[in-house]
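Here is how the chains run, residue by residue.
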Amino acid sequence: MGIAVCGTALGQGTDSQEFRTAVAPFFEKNCLSCHSARAKAGGLSLEDSQFGGEVWAKLLDKLRTGRMPPLGAPQPTKEEVAAVSGWIENTRGLKSAESEPGRVTTRRLNRAEYNNTVRDLLGVALRPADEFPLDDAGYGFDTIGDVLSVSPMLMEKYIAAARRLSTVAVYGEKAAAKPTKLVRYMSKKSQDDPTPGALPFSVRGAIYGSFRFPVSGEYELRMRVGNYRPRLAASLRRAELFRKPTVNQAEREELIRLNRSEYPSVQMVLNLDGEAVLTESVEGNVDYQYAHGESVARVKVKAGEHSFRASFPSFAAIENPLDNMNDDGRRKLFIDYVDVVGPFTVAAEKPESYQRLFVCKEKSAACAERILGGVARRAYRRSVTEQELRELTDLAAMVRREGDSFEESIRVGLQAVLLSPHFLFRAEPVSAGAELVSEFDLASRISYFLWSSLPDDELLLAAELGTLRQPAVLAAQVQRMLGDSKSDALVENFAGQWLGLRLMERRKPDPKRFPLVDDELLESMRRETILFAREILREDRSVIEFLDGRFTYLNGPLSRHYGVGSVRGESFERVALPNGRRGGVVTQGSVLSLSSYATRTSPVLRGRWVLENLLGTPPPPPPPDIPALVEANLGSAASLRTRLEQHRANPSCAVCHDQMDPIGFGLENFDAAGAWRDRDGNFPVDSSGTFPGGAKFNGPEELRQSLRSESPKFVRTFTEKLMTYALGRGVEAGDRETVDGINSRLAANGYRMGMLVEEIVKSKPFQMRGKGQGVAIATK
């Protein structure tokens, strides 16, 4: 393509000497191989596009941050980038972008935020948002205002949830008149069992989940062990004895001894919230008459959500869990079911929600005003206006005039609060220009960033006193909130979406190819990554450890699967990683399985995952006419690496695969389920490669060293993703100066995670709103 053609497409400013001598040659040399009218990578062509300021702003940002040209492509000099960036900035009117704080669409609470908010507001254990339609995601997160719309179905769910929540908060759950079986939990019979509602499958025979106990009181957990260990000598002797008209005591004892000698007793433990409430020994086999009895644990439980687990703890240490499988596909020992029955007794005191709500005891108009004013203040996350309070108290008074009780008047008022747009939306006043948000709005931004929930009393008080923005107060509040267990929401919701952990339920290794990798092991992989990320947050460690942290968290089964450490129990333990095989998130089973196909590894997917999630340089999508990889006889006639190298011989494929594949090759020692391997079928694994930019490596340890050499790119990518999650919008060109400043200060302070969170909270985009942002919500 000639300079004139490029100039015609790019429009304004192309007739200058600067463009002809510096800009046009730059585009032709560095950009047109991917962004021509034919290739049009990412939907952008420099030949035929008349694009606007937003595209120019993104192009400028990618040039200045080193994200374009992509890794692996010839890189221009700093002087060349500066010249082109200056031309774009001067001719496209982008200099003023730095002063804008950005605009966030007014957003509703997403499902996680709604559940957490009603929990902290009312003290109820209900999770009504679990029944809401799934939230859409933008920029990889479900906190983005532009995609959090309200459908008619969601509005119906809001109405039903408000009535249910207000009823339970005021009156509590209704207990059954007599003990009743509330639920029966059964696990899947196999990894691909499609039974609706079945709990995850465990080769080791465990069953685990959670149950919301409606009221405080006594309940029974009833369970039965399925025992299908093969019939051996005891069975034959038993059949012989059954043919006799009578069996004496000595013969009965003989049978018991035979069962015990053939099958050593196995301890079964039932835990509730991590505490053992029942321990029994399981002996014998399928013919042993005492093996199928029901075991019962009676427990006192506080109303709310509680986790349970019934398992055989010694099985966590076995080398091959398939030892618990019969030839017919049934497990030898497993928990058949767990029933929850009750309540047998009910606690006399009012539920926590009642005590939290009814802060005064007299049934007067003044008391109703105090109750409804307090709950509205916390629900709306700000001071309540006189008009808002009058409307709520008038509604409650009307209910009482019609003959209903004081409690019912409060319930109706609470229902109105829960249906208010001030509760459902994180609404901020419309701004005439760029301005600081109010301290109440700042408190909400902080609490939903760190807790995915509403501000607590201490944070609201600081906002009310007007001291929250004071640097010392703000820093202390952030550190206090990070130290609270509610900050686990930041790990679950941010890391779960950034790393893709929420997709694990839908993207599993093939159970026929990987029979040892059951639902329980996959959950352990997810848990490993969450615990790893939580330590980085809670211990204020360097974010670089996401690339190469030399520790992790393992339980017995995961330790066996990795061949790392000596953990034997079901509980997770912190484990140091002394050798170079594993380190950071890229070698954890969760990421390795997510970036593979069900039946095999994929260097392409793994390389793309690293480029997109760690380095912020995703390759463009492939053209539609690219042929598929030949998979016939893969592993027997040719290795996956050989086939991919043949695939890359196609020039149209090589543009992207030269960036992705080498990174993925460095992870080929890990199979599609994250276990170490030295062979790919009939071929030894070749995990050597060349990192985009030229650095050579061999194996995962040297690959991670190459990643560490790109730490500035990772830190910038991580900062932008965390800012996107916190702000509820994508990072824009106007945020570049903020990101640069944060990264500079992080580099001078060891890239500490806590400092990054605090820097985002102190930043201009977080503390301000742009012109026209906000929404006016009528009070009637």
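Criteria and thresholds
Residues numbered from 1 in each chain as written. Predicted model: local features only at pLDDT ≥ 70, side-chain atom pairs only at ≥ 80, totals over all residues. Heavy atoms only, no water. Pairing = 2+ DSSP bridges. Helix = DSSP H or I, 4+ residues; strand = E, 2+ residues; numbered from the N terminus. Axes fitted to C-alpha atoms, helices over the stretch in contact; angles between N-to-C directions. Contact = heavy atoms within 4.5 Å. Disulfide = S-S within 2.5 Å. Buried < 20%, exposed > 50% of the residue type's maximum accessible area, 1.4 Å probe, protein only. Expected span 1.5 Å × (residues − 1). Polar contact = N/O pair within 3.5 Å; in protein donor to acceptor, adjacent residues only side chain to side chain. Parallel < 35°, antiparallel > 145°, perpendicular 65-115°, else oblique. Nonpolar A, V, L, I, M, F, W, Y, C, P; charged D, E, K, R; others polar.

J.: Looking at this structure, how should I read the sheet that holds strand β3 (residues 207–213)?
T.: Sheet strands pair via backbone hydrogen bonds, and the direction of the pair is either parallel or antiparallel. Read from one edge of the open sheet, four strands run β3-β8-β5-β6, paired in antiparallel fashion. The open sheet is flanked by β3 and β6 (275–282), the only strands paired with a single partner. Looking at each pair of strands side by side, their axes are set apart by 15° on average, direction ignored. Of the strand pairs in this sheet, strand β5 (residues 266–272) and β6 are connected by seven bridges, and their pairing is antiparallel. Across the sheet, the residue bridging to M268 is E280, located in β6.

J.: What exactly am I supposed to notice about the side chain of E113 here?
T.: Residue position: E113 is located in helix α5 (residues 111–122). Ignoring any residue separated from it by four or fewer positions in sequence, one finds E113 in contact with R108, T143, R426, Y448 and S452.

J.: Explanation requested: the sheet that holds strand β4 (residues 217–227) in the structure shown.
T.: Spatially, the four strands line up as an open sheet ordered β2-β9-β4-β7, and their pairing is antiparallel. Looking at the sheet topology across the chains shown, the edges are occupied by β2 (180–185) and β7 (294–301). Within this sheet the neighbouring strands show an average axis-to-axis angle of 20°, counted without direction.

J.: Is there a simple way to think about the state of the cysteines in this case?
T.: Here, disulfide denotes a covalent bond that connects the sulfur atoms of two cysteines. Evaluated as defined, the whole model comprises one disulfide. Between C360 and C367 runs a disulfide, and the two sulfur atoms are separated by 2.0 Å. Between C360 and C367 the disulfide shows an S-S torsion of about 105°. By sign, it is right-handed. Residue class for C367 comes out buried when judged on its relative accessible area of 1%.

J.: What exactly am I supposed to notice about α5 here?
T.: Structurally, the α-helix is built with 3.6 residues per turn, so residues lying three or four positions apart point the same way. In this model, α5 (twelve residues) spans 17 Å end to end at C-alpha, consistent with the 16 Å of a helix rising 1.5 Å per residue. Here α5 lies mainly inside the structure; nine of its twelve residues are buried. The residue sitting at the N-terminus of α5 and contributing the capping side-chain oxygen is N110; that oxygen lies 3.2 Å from the backbone nitrogen of A112. Two residues or fewer after α5 comes G123, characterised by a positive phi angle close to 75°.

J.: Even after reading the chapter, I still don't get the packing of helix α22 (residues 603–614) against helix α26 (residues 711–727), so can you show me in this structure?
T.: The description of two helices packed together rests on the angle between their axes and the distance between the axes. One can describe the packing of α22 onto α26 by two numbers: an axis separation of 8 Å at closest approach and a directional angle of 70°. Relative to α26, the element α22 lies roughly perpendicular. Residues E612, N613 and L614 of α22 form the contact with α26, whose participating residues are K713, F714, T717 and K721. Of the residues belonging to the contact of α22 with α26, the class tally is two nonpolar, two polar and three charged.

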